[in-house]
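Here are the chains, one letter per residue:
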Amino acid sequence: MFKHASSKFTQKFIQLVEEANSIVITAHTSPDDDSVASVLGVYAYMKRIFPSKKTRIIYSGDKVRRYSVFKNYDLIEFVPDMTDHLGNADLLIMLDGSQYSRFTQKPEVLREFKGKTVCIDHHSSPIDKFTLTLVDPTSPSNAEIIYRCFFRDSIEQKEIEIILLGILGDTGVFGYLKPNQLGTFDTAKRLLKQGGIEIQEFLSRYSTIQEKAFEIVRELIKNTKNTKVDGWPPHTFTFITREWFETGKYTDAETSEATHLYMTTFLRTLEGHGWGFVVSPETDGTCGISLRSLPGSVNVRDMMEKMQLGGGHDRAAGGTFKPSNPGERVKVEDCIAKVVKWMEKNQAILS
């Protein structure tokens, strides 16, 4: 397993690609800036070195229109579950996640995959089994790892934009950087200068908000609660009910966009409430939970892993509540109750 980008990793990656006949690139469910940048970046690199190699990008999730400005985004196949569309692939490249459950509702299919697998990730979560693994939790974005692996020596304008999408997205336009991640400023400086890019103009190309997503934001604000569980720092949480979600015929992509906007704007910003979460229903019957925290507050990655719901970063994590029986639809209120009950029985880990 590799812990940092290196020429040795890149050589091994190229060897696996060269040996493969059919390749699938994927990233975690619910596309975000960094995962989209990761799949598009790797795809661009592979097409540069092996232009005729059969390569597909497949996502479990819904298409998000705002990313359409980026090169090759129109080639991504959005499907209910990527494991149903692997076909005869003999190489699977999994990005921005190192646990099978982050890519599919059927992780057992990936455990039984007969081909070779590559993982490139920057989360601190436990790592599943892959043929070739690069996980660097010190990197603030997965896109920067992709850049260091494949584009340091040569990068084109459209590729610069793809890498910047991921870096700006996962660093909150540099607002989340830690003292040991200052090298990202050097990377961004190099890319911005080479691409002649003005950050505000660049963000304006894809940072628009869909009208239906904004409706969800309003509902999240309306349902916001500030509360405290004994032994835990005060927190903020909000939700949208399944009935409201289904009556309005909202999509998972719209919910994801609204949740991200709400968390960026409100979660962690209310005085005295340094962490919190959002629970929302999804069209497949599950419910998603997204969490954020400030330094010195709850380690939300640790919380998600101990609850066996998901993982992520210490300050930003997420998970999925799955139904107990096939065909059931998880209730949002039950998910919130489970979180509170778990908190009452467990101690908060602060970091």
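The structure presented is a predicted model; accordingly, all values stated were derived computationally and were not measured.

Engineer: Pulling in residues and values, what's your account of the overall build of the protein chain?
Structural biologist: Of regular secondary structure, the protein chain possesses 12 helices and 12 strands. Since a compact globule built from 351 residues should have a radius of gyration of about 20 Å, the 20 Å found for the protein chain is in line with a globular shape. The principal-axis extents of the C-alpha atoms in the protein chain amount to approximately 55 × 45 × 40 Å. Looking at the protein chain as a whole, 54% of its 351 residues are labelled buried. Of note, the protein chain has its 44 positive side-chain charges centred 3 Å away from the centre of its 45 negative side-chain charges.

Engineer: Can you explain the sheet that holds strand β5 (residues 116-121)? Please cite residues and give values.
Structural biologist: The sheet built from six strands is open, its strands ordered β3-β2-β1-β4-β5-β6 with parallel pairing. For this open sheet the edge positions go to β3 (77-79) and β6 (132-135), each flanked by a neighbour on one side alone. Put simply, the sheet's adjacent strands are angled 20° from each other on average, direction ignored. Bridge analysis of strand β1 (residues 22-27) against strand β2 (residues 54-60) gives four bridges, and the strand direction is parallel.

Engineer: Tell me about the pattern of salt bridges, and please be specific about residues and values.
Structural biologist: If you walk through the whole model with that rule in mind, you get 14 salt bridges. Between K106 and D84 there is a salt bridge, and its shortest N-O distance comes to 2.5 Å. Of the two residues, K106 sits in the loop between β4 (91-95) and α3 (107-111) while D84 sits in the loop between β3 and β4, which places them 22 residues apart along the sequence. Overall, K106 belongs to the partly exposed group, its relative accessible area being 27%. Where salt bridges share partners, they join E161, E201 and R205 into one cluster.

Engineer: Any details on the packing of helix α1 (residues 7-19) against helix α2 (residues 33-49)? Residues and values, ideally.
Structural biologist: It is at 12 Å that the axes of α1 and α2 come closest, and there the two elements cross at 70°. As the angle between them shows, α1 and α2 are arranged roughly perpendicular. Seen from above, α1 lies across α2 with right-handed handedness. Note on element contacts: α2 touches α1 through V42, Y45, M46 and I49, opposite T10, F13, I14 and V17. Residues that form the contact of α1 with α2 fall into these classes: seven nonpolar, one polar and no charged.

Engineer: Tell me about the environment of T138, and please be specific about residues and values.
Structural biologist: When you line up the elements, T138 lands in the loop between β6 and α4 (142-150). Residues T138 and K3, 135 residues apart in the sequence, show an inter-C-alpha distance of 9.1 Å. Those residues in contact with T138 that lie beyond four places of it in its chain are H4 and Q181.

What counts, and at which threshold
- Residues numbered from 1 in each chain as written.
- Predicted model: local features only at pLDDT ≥ 70, side-chain atom pairs only at ≥ 80, totals over all residues.
- Heavy atoms only, no water.
- Helix = DSSP H or I, 4+ residues; strand = E, 2+ residues; numbered from the N terminus.
- Rg over C-alpha atoms; globule rule 2.2 N^0.38 Å.
- Buried < 20%, exposed > 50% of the residue type's maximum accessible area, 1.4 Å probe, protein only.
- Lys, Arg positive; Asp, Glu negative; His and termini not counted.
- Charge placed at Lys NZ, Arg CZ, Asp CG, Glu CD.
- Pairing = 2+ DSSP bridges.
- Axes fitted to C-alpha atoms, helices over the stretch in contact; angles between N-to-C directions.
- Salt bridge = Lys/Arg side-chain N within 4 Å of Asp/Glu carboxyl O.
- Parallel < 35°, antiparallel > 145°, perpendicular 65-115°, else oblique.
- Left-handed = near helix turned anticlockwise from the far one by under 90°.
- Contact = heavy atoms within 4.5 Å.
- Nonpolar A, V, L, I, M, F, W, Y, C, P; charged D, E, K, R; others polar.

Function cannot be read off these values alone, since they describe shape.
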